[in-house]
Structures are given as C-alpha cells and as structure tokens.
Amino acid sequence: MSHYAGPLLTRPTAEALLAARDAGADAWTGSLDLGISNGSALLETETWQWRGQRYPYAHKLKDRTIHYWDGDEFAPVSRYAGSLIKLVPTEWGAPTFEIDGIKMLPTSKESPFEDARRKVSLIEPRGKRVLDTCGGLGYFAACCLEAGVARIHSFEKNADVLWLRTLNPWSPDPDTSVSGGRLQLAQADVSQAIAHIADASMDALLHDPPRFGIAGELYSQAFYDQLARVLRRGGRLFHYTGSPNKLTSGRDVPREVARRLEKAGFRAELALDGVLATRR
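What comes next is a walk through the structure.

What counts as what
Sequence order sets the numbering: in each chain, residues are counted from 1 along the sequence as written. Local features are withheld for residues below a pLDDT of 70 in this predicted model, meaning they are given only at 70 or higher, and side-chain atom pairs are given and counted only at 80 or more; totals for whole chains, interfaces and linings count all residues. Computation of side-chain values: all heavy atoms of the structure, hydrogens and water removed. By definition here, a salt bridge exists when the distance from a side-chain nitrogen of Lys or Arg to a carboxyl oxygen of Asp or Glu is within 4 Å. We count a stretch as a helix when DSSP gives it H or I for four or more residues in a row; a strand needs E for two or more, and each element gets its number in order from the N terminus. Note on exposure labels: buried denotes an accessible area under 20% of the residue type's maximum, exposed denotes more than 50%, and partly exposed covers the range between, all computed with a 1.4 Å probe on protein chains only. What makes two strands pair is DSSP finding at least two bridges between them. Put simply, buried Ala, Val, Leu, Ile, Met, Phe, Trp, Tyr and Cys residues joined by side-chain atoms within 4.5 Å make one nonpolar core. Whether two residues are in contact is decided by their heavy atoms: any pair within 4.5 Å suffices. Any two of the Phe, Tyr and Trp rings considered here, Trp counted by its six-membered ring, make a pair once their centres fall within 6.5 Å; the pair's planes then place it as stacked at under 30 degrees, edge-to-face at over 60, or tilted in between. Charge-over-ring placement is defined geometrically: NZ (Lys) or CZ (Arg) within 6 Å of the ring centre, and within 35 degrees of the ring normal.

## Thoughts on the pattern of salt bridges
Counted under the stated rule, the structure contains 22 salt bridges. Ionic pairing is found between Glu 15 and Arg 11, a salt bridge with its closest N-O pair at 3.2 Å. Linking Glu 15 with Arg 11, this pair stays in helix α1 (residues 11-22), spanning 4 residues, or about one helical turn. Since its relative accessible area comes to 43%, Glu 15 is described here as partly exposed. One network of salt bridges, with partners in common, ties together Glu 110, Asp 115, Arg 118, Lys 119 and Asp 273.

Rendered as structure tokens:
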C-alpha cells in the first residue's frame, strides 16, 4: 500500500490555522506531518494551500485524534472492525496507536520513537539480518534502517495496523529510497510464518508482542524454541514484556519469559522493560 502524502491535522493544528487566518495572516508556519518537518500553508478566506493543494478549514475536530484528507473531508485515522483501532497524537510528534482504548506504545516519559531507538540499540543492528516479529507502527524497523541494518524482515498480522502505517509519516515505507530494499514487510502471523524461516538465518531478533492475555502463543515455549532455531549462535534478542503489576496479575512476566528463553537455548537478563537474550 502506498503511503499518504497529504496533511495530517490534530485539533490544535486546525485551530492554529483558523486563528492565523482570523488574525489576518497570509500564511501559517508549522508542521502538518506530525513533526517530521515544518512548512508554510498559504491562507485564504475559505481554503488554505499546502504543497500545491487546497483544503477547507476543519472545524470541530476530535480531541486525541489525527485526521487525514480522504478526498472529501478531514477524517479520523481510525477504523472499527470488531475493535476500534486509531492513531493517537503525542506531545513528542511520533504518534502511538490504541486498540479499544488501550495504548500500545509507551509515551508517558519519552517519544515512542526514542523508546524504540533505545531498545533497538541493544541488538546492535548495523550490518545484520534482523527479524522483527510484530511490526506494529514500524518504529523498530525504522530505527534499524537508521542504524544501518543489512536487511530486516518484519511481520504484522493486523491489516488495520498496516493501514495506520500508510498514514503515519514516522512509519517506514518499504518502497522508499530510505529503505533501499532492506525492509521486507509481510502481513502474516509470525507464530506460523516463522516455520518457513531457515535455521540460523538471522543475526538478531526483535520481539514486541501484544500482552500475554491477547497473544499467549507468542510467549510459549514452542515459539521461543523457534526463535532460537532461526537465530545464529551469539545473536541477540530483545523481547519487550512491559512491566505488568505483579500484585494485580499475580505473575512476574519478565522473569517467566527469561526462564523460557533460557530453556530454549538463550542466556537471558532483564533489560529496560523487557528481556535481552543471547543465543548460546
């Protein structure tokens, strides 16, 4: 799917455009791509221009929502197909996303993109072949590309998440020169697709599964055995677990994960909000 190249509006941005027009300004300067760049919009009475295209002013946009031009209006970047999935703005520029109101990326202390960059650095991707099991918005993949990965194989099961990626300028596009053919993105369930990956064909792994209650198969011993099979000896794995409340869940998920990885053939230690493991 090709990536969207039009403006992205949040309620504050739409209000800033209207305020500048009402103040008599001929132009407004700011970001219309969630902080990727700054530019100028030319202001007219009924419309405004950006990158050679005219758009109507947007009134009464939803809070905590990103809107894109669908050809007729500025529509929310959200879909409902059994669950509500939406792209959500953050103070950091790079958005997160929610499924039924549950935030899927950490944003309380730093940008989700910076969070991904710190985790990716643990596997030292430069020059390596990397498996990205649960691609999400693609921030792990983008940081790997930035760090000079040789090739990254990324899987994402949810078609609606892949749609969000086409509207998010922070998500890497496999077809751009920046990717340079190094990003292979597939819509597939990695718990099944991994069986088709050759033994020891990966130099490093990134595993960022949904929480255990949603995707328990991605925390199973059988899946960890597959991760060990496809990773070369000495290769690194970062497994995001989050920090679930042991008092309410009754489980210590990071340590459970570490024990299973050890059994699969890794040396494992807790790191950041997950587990860093090395293939023995």
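## A look at the sheet that holds strand β11 (residues 102-103)
Strands sit in the order β8-β9-β10-β11 across an open sheet of 4 strands; the sheet is antiparallel. The open sheet is flanked by β8 (78-80) and β11, the only strands paired with a single partner. Sheet analysis places strand β9 (residues 84-88) next to strand β10 (residues 96-99), joined by 4 bridges and oriented antiparallel. Within β10, the position partnered with Leu 87 by the bridge is Phe 97.

## Some words on the nonpolar core
Of all hydrophobic cores here, the largest spans 35 residues; its most connected members are Val 77, Phe 97, Val 130, Tyr 139, Ile 152, Leu 164 and Leu 206. Looking at this core, the elements that each hand over two or more residues are β9, α2 (112-121), α3 (139-146), α4 (159-167) and β15 (202-207). Considering every element that reaches this core, the biggest residue donor is α3, with 7 residues. With residues near it in sequence (within four places) discarded, Leu 164 still touches Val 77, Ile 85, Lys 86, Leu 87, Phe 97 and Leu 137. Leu 131, Val 190, Leu 227 and Leu 231 belong to the second-largest nonpolar core, a separate cluster that totals 27 residues.

## A closer look at unusual backbone geometry
One non-glycine residue with positive phi stands out, namely Lys 60, at about 55°. Structurally, Lys 60 can be placed in the loop between β5 (53-56) and β6 (67-69). If you check the backbone angles, Ala 200 has positive phi at about 50° while not being a glycine. The class of Ala 200 is partly exposed, set by a relative accessible area of 39%.

## A word on the packing of aromatic side chains
As enumerated under the stated definition, the model contains 10 aromatic pairs in all. With a centroid separation of 6.2 Å and 10° between ring planes, the pair formed by Trp 48 and Phe 74 is classed as stacked. Highlighted residues: Trp 48 in strand β4 (residues 47-50) and Phe 74 in strand β7 (residues 74-76), separated in sequence by 26 residues. A single burial state applies to Trp 48 and to Phe 74, both of which are buried. One Lys or Arg, Arg 251, reaches over the ring of Phe 212 and ends 4.3 Å from the middle of that ring.

## What to know about the sheet that holds β6
Read across the sheet, 3 strands follow the order β1-β6-β7 without closing on themselves; strand pairing throughout is antiparallel. Of all strands in the sheet, those bounded by a partner on one side alone are β1 (8-9) and β7. Looking at chain direction, β1 and β6 are connected through 2 bridges and run antiparallel. Residue pairing across strands places Leu 8 opposite Tyr 68, the latter belonging to β6.

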